[in-house]
Amino acid sequence: MKTKLWLSGTLMIALGGIGCSDAPTAKEVSETTAGRSSEMIRAASASARAMGELSAMESMGSTATLLQKAFGSVPLTGSPSTPCTDPEGCSSSIPSNPIPSDPTEAEAQAALVEKYLRERIFIEANVEGTEGDSTLFRITGEDVCTTGEVPANADCVKAVDQLELRIRATSTDNDGLDLGFQFGPQRDEPLVLSFGEKTMAVVVDLGEAKDAVLFLAPEAVTELPRVMVGKVELRLTENAPQDLTFSTSILDALRFEVEEDGATHVFSTAKAAPLSELRMDANAKRLSFGLNLGATEYKGPYGGDSGLSSQQVVYSLSGMSFEFSAEEGQNDFVVAHVGLGDAQSYMSLDGTKVFTADLNALSGRHFDLNLSKGADGLPLVRVLPEFDLATKFFLAPLKVDPKAEVPSFYEDQSYRVRLSGGSAPSIRPVDANTTTGFPGGLQVVSGELTLQGKDATVTVPAGKCLVGKEAAAQGSHPLLGHFETRDCQ
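This one's a predicted model, so the numbers in the text were calculated from it and none came from an experiment. Sequence order as written defines the numbering, with residues in each chain counted from 1. Residue-level local features of this predicted model are given only where pLDDT is at least 70; pairs of side-chain atoms are given and counted only at 80 or more, and the full residue set underlies all totals for whole chains, interfaces and linings. With hydrogens and water set aside, each side-chain value is computed from the structure's full complement of heavy atoms.

Novice: What should I look at first to understand the pattern of salt bridges in this one?
Specialist: Opposite charge on two side chains lets them pair, provided their charged atoms get close. Take a side-chain nitrogen of Lys or Arg and a carboxyl oxygen of Asp or Glu: if they are within 4 Å of each other, that pair is a salt bridge. As enumerated under the stated definition, the model contains 23 salt bridges in all. Linking Arg118 and Glu114 is a salt bridge whose minimum nitrogen-to-oxygen distance equals 3.0 Å. Within this pair, Arg118 and its partner Glu114 are both found in helix H4 (residues 103–121), separated by 4 residues, close to a single helical turn. Here's how the labels work: a residue is buried when its accessible area is under 20% of the maximum for its type, exposed when over 50%, partly exposed in between, all with a 1.4 Å probe on protein chains only. Its relative accessible area of 27% is what places Arg118 among the partly exposed residues. Between Asp358 and Arg365 there is a salt bridge, and its shortest N-O distance comes to 2.9 Å. The burial state of Asp358 is the same as that of Arg365; both residues are buried. Numbering goes from the N terminus for both helices and strands, where a helix is a DSSP run of H or I of at least four residues and a strand is a run of E of at least two.

Here it is in structure tokens:
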């Protein structure tokens, strides 16, 4: 009995403490939003400025450009590639500084945001009232459409006033603050801006966003998806001075359903938190990026004017992932955890699969890729544990559609491309040699490369090259017949 009384008392105290949380004052809200917003602008600018001269990014960009140029002559589709004729080049390198970093501009933006929030938005005159532990600010066009130095634009004022915009400010743990942006008489809240001690995040609720759009433009009901649900987040986190992470997340699975011409189109993608992360650590002179897309699918009618028009087509991607990093002075790069999800990806027509793809199905469905330059300056690509892509094409049913133009070697064929053997099988491009007549190709440095079809196989052992032929031999495989194994000279 004493235990039960003790638990009940503790619960009452806890609930009482929660219920008595004070709503933040206008000054507290303006201090938090203005101060932390300007801090993040300055921090992001400083990080971008410090990372802008990261030599590893230039090295990675030049290596990728060289790789693209070298592989451009390799006929991976069975026919020669069209050479680049642009005198300025046809390939692009990775940008070394994608984020504006001018310190004067950043300081001006930070000062403007701080002044705007302190003097025009989160002021006592805009407080409409409190609700529990939240303070409501009623924002008008006169508040939003000018910084106060010039008169507000009349059209802007009218447009903002039609929103019936309110901002709900609520204090959170560790001196945090949530700002809920509410629209219309129903006070739909599609967007929440959160401030933590060293982080800012924007969360968008797509269901609430749809309601807000319908309030602003009821006539848009026929243009909006019938179903529109899910939550997405954009977040900026300061890990340390000049060390920031930009991330995106799908907090709740996304789903859109659109009715068009009596048919339903459905797009969905699974929860992924985070979906992507970009970290810029200027202290360690290191940049990293990762992507982790979950299962994503589209369902709808095949469309067009053929006999397939009413059949349901499904495009299902099991996922997509990879991550890489680059540090100062680095010339050897790893793209890690490359994969297409944990299951088979496919296309189906009325429930029958017409295309399937499995990546590394027998070796964890992922691989690591190492990109470096060999002693001759050409790119060297290594994979661990292997690269094994198995595909099946049953596209004959699509021939009913004259626009599909299905080649014979995709009507009913399976293909497998596998680079395996040894601790880290590797390949590199080899340039053409006009003296010997070597057309250029792909050399297997270690391991073995196999191209396999239903009734044909091309095997390239270590030391040999895979090259393409413009014309396949009579009676050979219509696709793999364009490839052969030969010496790399």
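Novice: Help me understand the pairing of strand E8 (residues 243–260), please; the structure alone is not making it clear to me.
Specialist: Side-chain positions along a regular strand alternate between the two faces of the sheet. Relative to E8, strand E7 (residues 227–240) runs antiparallel, the two being bridged by 12 bridges. Residue pairing for E8: Val227 is matched across the bridge by Glu257. Two strands pair under a simple rule: DSSP has to find at least two bridges between them. Between E7 and the antiparallel strand that follows it, E8, lie 2 residues; Gln242 among them carries a positive phi value of about 60°. Note: E8 against strand E10 (residues 272–281), 7 bridges, orientation antiparallel. Within E10, the residue paired with Asp243 across the bridge is Asp281. Between E8 and strand E9 (residues 263–269), which pair antiparallel and follow one another directly, the connecting turn spans 2 residues, one of which, Asp261, has a positive phi of 55°.

Novice: Help me understand unusual backbone geometry in this model?
Specialist: What you tend to see is this: most non-glycine residues have negative phi, and most peptide bonds are trans. Cis geometry marks the peptide bond from Ala273 to Pro274, where omega comes out at 5°. Position of Pro274 relative to the elements: it lies in strand E10. Here the bond from Leu384 into Pro385 is cis, since omega is 0°, no more than 30 degrees from zero. With respect to the element layout, Pro385 can be found in the loop between strand E19 (379–384) and strand E20 (387–393).

Novice: Which parts of the structure should I look at to understand the nonpolar core?
Specialist: The nonpolar side chains of a soluble globular protein tend to be buried with one another. Leu398, Leu449, Val458 and Leu466 are the most contacted members of the largest nonpolar core, which totals 34 residues. By the convention used here, residues are in contact when the closest approach between their heavy atoms is within 4.5 Å. Residues contacting Val458, with those up to four places away along its chain left out, are Leu449, Thr450, Leu451, Leu466, Leu480, Phe483 and Thr485. Nonpolar core, defined: a set of buried Ala, Val, Leu, Ile, Met, Phe, Trp, Tyr and Cys residues in which side-chain atoms within 4.5 Å join the residues together.

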